[in-house]
Amino acid sequence: QVQLVESGGGLVQAGGSLRLSCAASGRTYATHGRAWFRQAPGKEREFVAAMRWSGGNTYYADSVKGRFTISRDNAENTVYLQMNSLKPEDTAVYYCAATNSYRRDTYYYTGASGYSYWGQGTQVTVSS
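Residues numbered from 1 in each chain as written. Predicted model: local features only at pLDDT ≥ 70, side-chain atom pairs only at ≥ 80, totals over all residues. Heavy atoms only, no water.

Novice: Describe in detail the overall build of the protein, supporting the description with residues and values.
Specialist: What the protein contains, in helices and strands, is 0 helices and 11 strands. Listing the helices and strands of the protein from first to last along the sequence gives β-β-β-β-β-β-β-β-β-β-β. Summarising its shape, the C-alpha atoms of the protein cover approximately 40 × 25 × 25 Å along the three principal directions. Relative to its full complement of 128 residues, the protein shows a buried share of 43%. Counting contacts in the protein only where the partners sit at least 6 residues apart, residues at least 24 apart contribute 58% of the total. If you sum the accessible surface of the protein, you get close to 6500 Å²; carbon and sulfur atoms cover 43% of it. If the 13 positive side-chain charges of the protein are averaged to one point and the 9 negative ones to another, these points end up 4 Å apart. (Helix = DSSP H or I, 4+ residues; strand = E, 2+ residues; numbered from the N terminus. Buried < 20%, exposed > 50% of the residue type's maximum accessible area, 1.4 Å probe, protein only. Contact = heavy atoms within 4.5 Å. Areas by Shrake-Rupley, 256 points an atom, 1.4 Å probe, with all protein chains shown as cover. Lys, Arg positive; Asp, Glu negative; His and termini not counted. Charge placed at Lys NZ, Arg CZ, Asp CG, Glu CD.)

Novice: Would you mind going over the sheet that holds strand S3 (residues 18-26) in detail, with residue names and values included?
Specialist: If you trace the 4 strands from one edge of the open sheet to the other, you get S1-S3-S8-S7, paired in antiparallel fashion. The open sheet has two edge strands, strand S1 (2-7) and strand S7 (68-72), and neither has a second partner. In this sheet, adjacent strand axes meet at a mean angle of 15° when their direction is disregarded. In terms of strand pairing, S3 meets strand S8 (residues 78-83) through 6 bridges, oriented antiparallel. Directly across from Ala23, in S8, lies its bridge partner Thr78. (Pairing = 2+ DSSP bridges. Axes fitted to C-alpha atoms, helices over the stretch in contact; angles between N-to-C directions.)

Novice: Run through the packing of aromatic side chains, naming residues and quoting values.
Specialist: Here the structure, examined in full by the defined rule, presents 5 aromatic pairs. Relative to Trp118, the ring of Tyr115 has its centre 6.4 Å away and its plane inclined at 75°; by these criteria the two rings are edge-to-face. One aromatic cluster is present, formed by Phe37, Phe47, Tyr115 and Trp118 through successive ring pairs. Positioned over the ring face of Tyr95 is Arg45, at 3.8 Å from the centre of the ring. The ring of Trp53 carries the charged tip of Arg72 above its face, separated from the ring centre by 4.8 Å. (Phe/Tyr/Trp six-rings, centres within 6.5 Å; stacked < 30°, edge-to-face > 60°. Lys NZ or Arg CZ within 6 Å of the ring centre and 35° of its normal.)

Right, dumping it as structure tokens:
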């Protein structure tokens, strides 16, 4: 019931910046959380950043804290990931995720199992 499309990925040098966008359509009025995950070849999909819709609480992986920022537009149907001071280890396919399920505990919003809807991903490559 929710469709997600990521954009904004590409190739950037270390220290550079990119902004990813995730446009949502469908039953977006029921959203309780939006998030970004990433997956490098041979690695598990890992949490990057998340936002709870009520109150706009945000959460970040320690590896990106202080460098990445998750935000949303006024219509609350597009989520962004501003990535600054990029490092080669940030190279991965970045996925947008959404959930229409309410969960009280924060850990549900920082794990892949907490999300029902996923975009197809956008490649981010950071060169040294």
